[in-house]
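Residue-level listing of the chains:
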Amino acid sequence: MPGYDPGYASQEPTPVKLLVAGGFGVGKTTLVETVSEIEPLRTEERLTAAGVGVDDLDGIEAKASTTVAMDFGRITLADAGVVLYLFGTPGQERFWFMWDDLLNGALGAVVLVDTRRLDRSFPAVDFFESRGLPFVVGANCFDGEQAYTADEIRAALRLRDPGTPVLMLDARVRADARDVLLALLDRVIAKTRDTAAC
């Protein structure tokens, strides 16, 4: 980690709030559950007939529950001297009004995408680009494979900043989730340095 200080081990870790965002059914809850060192807070509810015609289950027909407020988890990165507080956003459009509240105090975000349904990812990308919050794109590999390269995904998302990292991951694999979070921390640190230099 850039700027690593061995003295961190004796200090209290710095709290860092990060968001895990994306469209409906991209794996946000799974990522938070996978990496959290505590039992995550989940606001999962069963999908019911009330969501028919409202929630688009095309491509995720087996999905039986959804986040209705947020997910919350925590992971301590002792070697970096930080504790990450992870807030997973709800994915359905009718809950997007909560994103601005969840954004308060956040230093960055992971935007999870499902390339089988990439059009569901544009609102999350637009949200963070318009607010200037550093983010990385995590392409969740469903069924253990990814049909597209990082460059193809970047081009399809039409990211404003060509330097925005696009990383492949399986949200069920702790090492993958941790690597994406570390890449996001690198991006947050770089933006902080750029801002301080101005």
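Attention here is on the structure that accompanies the text.

What counts and what doesn't
Residues numbered from 1 in each chain as written. Predicted model: local features only at pLDDT ≥ 70, side-chain atom pairs only at ≥ 80, totals over all residues. Heavy atoms only, no water. Axes fitted to C-alpha atoms, helices over the stretch in contact; angles between N-to-C directions. Helix = DSSP H or I, 4+ residues; strand = E, 2+ residues; numbered from the N terminus. Parallel < 35°, antiparallel > 145°, perpendicular 65-115°, else oblique. Contact = heavy atoms within 4.5 Å. Nonpolar A, V, L, I, M, F, W, Y, C, P; charged D, E, K, R; others polar. Pairing = 2+ DSSP bridges. Right-handed = clockwise from strand over helix to strand, strands pointing away. Buried < 20%, exposed > 50% of the residue type's maximum accessible area, 1.4 Å probe, protein only. Arc of directions from axis to C-beta.

Quick word on the packing of helix α1 (residues 28-35) against helix α5 (residues 174-197)
No. 1: Put simply, α1 and α5 touch, their axes get as near as 9 Å, and they point 100° apart. Considering the angle they form, α1 stands roughly perpendicular to α5. Residues Leu-31, Thr-34 and Val-35 of α1 form the contact with α5, whose own contacting residues are Arg-174, Ala-177, Arg-178 and Leu-181.
No. 2: In terms of residue class, the contact of α1 with α5 is made up of 4 nonpolar, 1 polar and 2 charged.

Section: the pairing of strand β8 (residues 166-169)
No. 1: As paired strands, strand β7 (residues 135-140) and β8 are joined by 4 bridges and run parallel to one another. What sits directly across from Ala-139, in β8, is Met-168.
No. 2: Note on the crossover from β7 through helix α4 (residues 150-157) to β8: the handedness is right-handed.

Some details on α4
No. 1: Turning to α4, its buried residues are Ile-153, Arg-154 and Leu-157. Taken around the axis of α4, the buried residues stretch over an arc of 100°, which confines them to a single face. Exposed residues lying more than 90 degrees from the buried face of α4 are Asp-151 and Ala-155.
No. 2: Among the structural elements, β6 (108-113), α3 (122-131), β7 and β8 are those in contact with the buried residues of α4.

Overview of the environment of Leu-184
No. 1: Locating Leu-184 in the fold gives a position in helix α5.
No. 2: Residue class for Leu-184 comes out buried when judged on its relative accessible area of 0%.
No. 3: As a C-alpha pair, Leu-184 and Leu-107 span 77 residues in sequence and 9.4 Å in three-dimensional space.
No. 4: If sequence neighbours within four positions are ignored, Leu-184 has contacts with Leu-18, Gly-108, Ala-109, Val-110, Pro-134, Phe-135 and Val-136.

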